[in-house]
Amino acid sequence: MAKLKVAMIGLGMASGHHARALLDLSDRIECVAAYSQTAARRDAFAAQYPIPVSGDLDAIFADEAIGAVLILTPPSSHLELVRRAAAAKKHILLEKPLDISFERSEAIVRAAKEAGVLLGMVLQNRFRAAALKLDEIVKSGRLGQLVEASAAIRNWRPQSYYDVEGRGTRARDGGGVLLTQGIHTIDLLLSYAGTPKDVSSFVRTSPIHTMETEDLVTAAFCFENGAIGTLNATTCAYPGLPERIELIGTKGTAVFTGDRLDAAFMDGTSVTEGGERSGSGSGANPMAFGHEMHRALIENFADAVRDGTPLRVTGDDALNAHRFIEAILAGGR
């Protein structure tokens, strides 16, 4: 079977993980171009990875041999790039979040659907071994009916992180800790527990950072099935702690911490999964984790393009997380 030809658009912080994942999958995927408008970034990327670089975005969209694009640029650029990809009938794997506002994010999901192209999202934590096992446990009913579903994201980012132009601003990133860091764990929480409602929250910018958007959030909410929950999210927790999800059900409890799952059931059985210590990116270096999850995500995306395999993380999933984030921010206001 012919290889799926793809192009990377954007060679910023996340590009290395994607490049390594694509090279691991080179028996079935060929990355024929890696685009940046900045020559210095193209040169730095080319020095590390045996992937052709390009400064010609028009040529990428015009190349009919390219079946999909990986869009890894800042959130504020996503809508325009997705519209161009959709018009060119190219499938799209998009870095989180969808875009800087809920309205623009809705437009992205709509553009892909109207063009009949796939829209996958880079929410790679869905592919942790522990996350996959917890998904299986929830869907099998082993926890029973959920009565509480909560999450904590205790990241650390030094001020130097936010001193980079555009970081933590509404104009480029769309928000702070919720949309940029917390969305990974929020997406997981919602995938297990469903849609939250009746949200109450406190949203703050702490004295630890000088930035436009939030770095400290606490929210409480209930779910459609009656379960209650809390969310704590921050980039103020030095030196950074693993993310944590707790699910309490009528038949047992599951705790997912970083890359480890511990579940205990009232029938006397228990499950432990993960613990491979692959890193989480919760500290000063956001990319301090392996590229294995990206590889699994890209492989799932390629399977969806070629064979119709269901996407594990869709644009609708990301939109659901963005909707919840909007409710938290509104509650804080």
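Attention here is on the structure that accompanies the text. (Residues numbered from 1 in each chain as written. Predicted model: local features only at pLDDT ≥ 70, side-chain atom pairs only at ≥ 80, totals over all residues. Heavy atoms only, no water.)

## Brief notes about the pattern of salt bridges
For clarity, the threshold we go by: Salt bridge, as applied in this entry: a Lys or Arg side-chain nitrogen positioned within 4 Å of an Asp or Glu carboxyl oxygen. Helix and strand definitions follow DSSP, with helices as H or I runs of at least four residues and strands as E runs of at least two, each counted in order from the N terminus. Only protein chains enter the accessibility calculation, which uses a 1.4 Å probe; a residue is then buried when its area is under 20% of its type maximum, exposed when over 50%, and partly exposed in between.
If you walk through the whole model with that rule in mind, you get 17 salt bridges. Here Lys 133 ties to Glu 136 by a salt bridge, and the two come within 3.1 Å at their closest N and O atoms. Of the two residues, Lys 133 and Glu 136 are both situated in helix 6 (residues 129-140); the distance of 3 residues between them amounts to about one turn of the helix. Given a relative accessible area of 22%, Lys 133 falls into the partly exposed group. Put simply, Glu 246 and Arg 244 hold a salt bridge, and the shortest N to O gap is 2.6 Å. You can call Arg 244 partly exposed: its relative accessible area is 33%. Shared partners join several salt bridges into a network, and the residues in it are Arg 28, Glu 299 and Asp 303.

## Re the packing of helix 4 (residues 78-87) against helix 5 (residues 102-115)
Here is the rule: Axis lines are fitted to C-alpha atoms, over the contacting stretch for helices. Their N-to-C directions set the angle, which ranges from 0 to 180 degrees. What sets the label is the angle itself: under 35 degrees gives roughly parallel, over 145 gives roughly antiparallel, 65 to 115 gives roughly perpendicular, and the rest give oblique. The contact criterion used throughout is that any non-hydrogen atoms of two residues lie within 4.5 Å. Residue type decides the class: Asp, Glu, Lys and Arg count as charged, Ala, Val, Leu, Ile, Met, Phe, Trp, Tyr, Cys and Pro as nonpolar, and the leftover types, Gly among them, as polar.
The N-to-C vectors of helix 4 and helix 5 enclose an angle of 5°; their axes lie 9 Å apart at closest approach. On the basis of the axis angle, helix 4 is roughly parallel to helix 5. Seen from helix 4, the contacting residues are His 78, Leu 79, Glu 80, Val 82, Arg 83 and Ala 86; seen from helix 5, they are Arg 104, Ala 107, Ile 108, Ala 111 and Ala 115. By residue class, the composition of the contact of helix 4 with helix 5 is 7 nonpolar, 1 polar and 3 charged.

## Details of the sheet that holds strand 13 (residues 260-265)
Our working rule: Two strands are said to pair when DSSP picks up at least two bridges between them.
As summarised here, the arrangement of the 8 strands in space is 8-9-10-7-11-12-13-14, forming an open sheet in which the pairing is mixed. A strand with exactly one partner marks an edge of an open sheet, and here the two such strands are strand 8 (196-204) and strand 14 (270-274). Averaged over all neighbouring strand pairs, the angle between strand axes comes to 10°, with direction disregarded. Pairing of strand 11 (residues 244-249) with strand 12 (residues 252-257), which is carried by 5 bridges, proceeds in the antiparallel orientation. Paired with Arg 244 across the bridge in strand 12 is Thr 257. Running at roughly 25° to strand 13, helix 6 makes contact with strand 11, strand 12, strand 13 and strand 14 of the sheet. The strands touched by helix 8 (residues 177-193) are strand 7 (146-154), strand 8, strand 9 (216-223), strand 10 (228-234), strand 11 and strand 12; relative to strand 7, the strand with the most contacts, the crossing angle is about 160°.

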